[in-house]
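Listed here are the chains, written in short residue letters.
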Amino acid sequence: MVPNMKAFFVPVLLAGLAGCSSTAEVLKEDSEAVVKLIDASLTTTRHYYDNLGQQQFDYMIEFLAARPSCNAESPLLYKADESRCLTSDEKLLWRDCQASEADACTEWKKIRPASFSPQANQRRQTMVSLIATVANYQQALANILEDETFDTASDLKDLNSRLNELKNQIDELKGDTSAEDEAKEELEKQLGAVGTLIDLVRNAEQDQADFAKLKKLVTTKAPAVDVALESLLSSYEKVDKPMSDNFARRRTEITRNTYNRMPLDERLELSQEEREDILRGIYEPESQRLSNASRPDSLAAGLRGLIRSHKTLQAGFAGNLTKEQRARIAKKNKQQVKAAFKAMLNIVKLFN
């Protein structure tokens, strides 16, 4: 009887071990596929912000060169609707109005200083890094949610190291004395999100082998991550895409004005095909710009998607769910993370 029992249990045990191994392998392969998507999305997004920063720099140089009355200063105060720099008296009025609630100051407070510093581009790059770490953190916890035995300690350790490095980068940017108040406020929000994540990931690294402790940690600490990300979301809703739209409109106007100012005899010297090429270069980008105007901002889309997937992740650690229910929620979370990065990638591809 005993030999027969051994003959029965050994294959079952081996089959069980093989099942655990195959599950871990599948999770690892799934993670690698998501990492590739994230990397592709972030590379394209970083390129987009590099281009946007260069366009902003070129615009400022051209703006100053075309207006000799403007001083070479940074930050630059100018009235965009009148396309001119503020006078010395207006600069004083603008500064006085920053701390005033008087009705006469309403219009002056709308004027935002423009800086020649690479600050704007750099703080977008740290935001891109933050979005990546939020995704990686969710991925690590989703793997545990799908399989409690999955060893994610090294992933969390690496993530904790990257978060601390990111914190140092943001601290350095925030310490730049040339940074505008708006930039400092945004960087402060980034620091808040990073600090919250560092606290959560550090504890997750300690508790990852104990599902009960990890469950308690996520249900008590994770909501603070949502608060931090939602605070950041408002910073991107009405900033980057309008700027990109403005530069796209400007490029079209330069081409349009060049053609409109061309004397008739010069136009006649061009072949019809050459004139068609010039006109196509005016109307096609403008049509694309108007189409893009209805699309969301890339970072806002990424943040919104990760907030949604993070709430799903938290649901998997709440209550007394079965393993099957947790695994189902983990898969939904991963699908939402992938959707967030696909949305980012599709948006920035339009502008690159």
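The model shown is predicted, which means the values in this text are computed figures rather than measured ones. (Residues numbered from 1 in each chain as written. Predicted model: local features only at pLDDT ≥ 70, side-chain atom pairs only at ≥ 80, totals over all residues. Heavy atoms only, no water.)

## Here we look at the packing of helix α5 (residues 153–174) against helix α6 (residues 181–207)
Two numbers describe how α5 lies on α6: the axes approach to 9 Å, and their chain directions differ by 160°. Taken together, α5 and α6 sit at an angle that is classed as roughly antiparallel. Pair α5 / α6 crosses with left-handed handedness. Here the residues of the contact of α5 with α6 sort into 14 nonpolar, 3 polar and 8 charged. (Axes fitted to C-alpha atoms, helices over the stretch in contact; angles between N-to-C directions. Helix = DSSP H or I, 4+ residues; strand = E, 2+ residues; numbered from the N terminus. Parallel < 35°, antiparallel > 145°, perpendicular 65-115°, else oblique. Left-handed = near helix turned anticlockwise from the far one by under 90°. Nonpolar A, V, L, I, M, F, W, Y, C, P; charged D, E, K, R; others polar.)

## Structural notes on α5
Along an α-helix, residues three or four positions apart point the same way, because every turn accommodates 3.6 residues. The terminal C-alpha atoms of α5 lie 31 Å apart, and with 22 residues this matches the ideal 32 Å at 1.5 Å per residue to within 8%. Buried within α5 are the following residues: L156, L159, N160, L163, L166, I170 and L173. End-on view of α5: buried residues confined to an arc of 140°, all on one side of the axis. Exposed and oriented more than 90 degrees from the buried face of α5 are S154, K157, N168 and E172. (Expected span 1.5 Å × (residues − 1). Buried < 20%, exposed > 50% of the residue type's maximum accessible area, 1.4 Å probe, protein only. Arc of directions from axis to C-beta.)

## As for the environment of E148
Here E148 shows up in the loop between α4 (119–146) and α5. By relative accessible area, E148 is classed as partly exposed at 35%. Each C-alpha atom, one on E148 and one on F211, is 6.7 Å from the other, the two residues being 63 residues apart in sequence. At 2.3 Å, the side chain of E148 forms a polar contact with the side chain of R326. (Polar contact = N/O pair within 3.5 Å; in protein donor to acceptor, adjacent residues only side chain to side chain.)

## Some points on helix α11 (residues 298–317)
Over its 20 residues, α11 extends 29 Å from the first C-alpha to the last, a length consistent with the 28 Å expected when each residue adds 1.5 Å. Along α11, 16 of the 20 residues are buried, which leaves the element largely enclosed by surrounding structure. Immediately beyond the C-terminal end of α11, within one or two residues, lies G319, with a positive phi of roughly 65°.

## Description of unusual backbone geometry
For S83, which is not a glycine, the phi torsion comes out positive at approximately 55°. Relative to the helices and strands, S83 resides in the loop between β1 (78–79) and β2 (84–85).

## Some thoughts on the packing of helix α7 (residues 211–233) against α11
A pair of packed helices can be characterised by two numbers: the angle between their axes and the separation between those axes. Where α7 meets α11, the closest approach of the two axes is 9 Å, and the angle between their N-to-C directions is 160°. In this view, α7 runs roughly antiparallel relative to α11, as classed from their interaxial angle. The chirality of how α7 crosses α11 is left-handed. Here the residues of the contact of α7 with α11 are counted per class, giving 13 nonpolar, 3 polar and 5 charged.

## Here's the deal with the packing of aromatic side chains
Here the structure, examined in full by the defined rule, presents 3 aromatic pairs. Measuring from centroid to centroid gives 4.9 Å for F63 and Y78, while their planes differ by 50°, and the two rings are tilted. Of this pair, F63 sits in helix α1 (residues 2–65) while Y78 sits in strand β1, placing them 15 residues apart in sequence. Y78 carries the same exposure label as F63, and that label is buried. (Phe/Tyr/Trp six-rings, centres within 6.5 Å; stacked < 30°, edge-to-face > 60°.)

Function-wise, these values are silent; they only describe arrangement.
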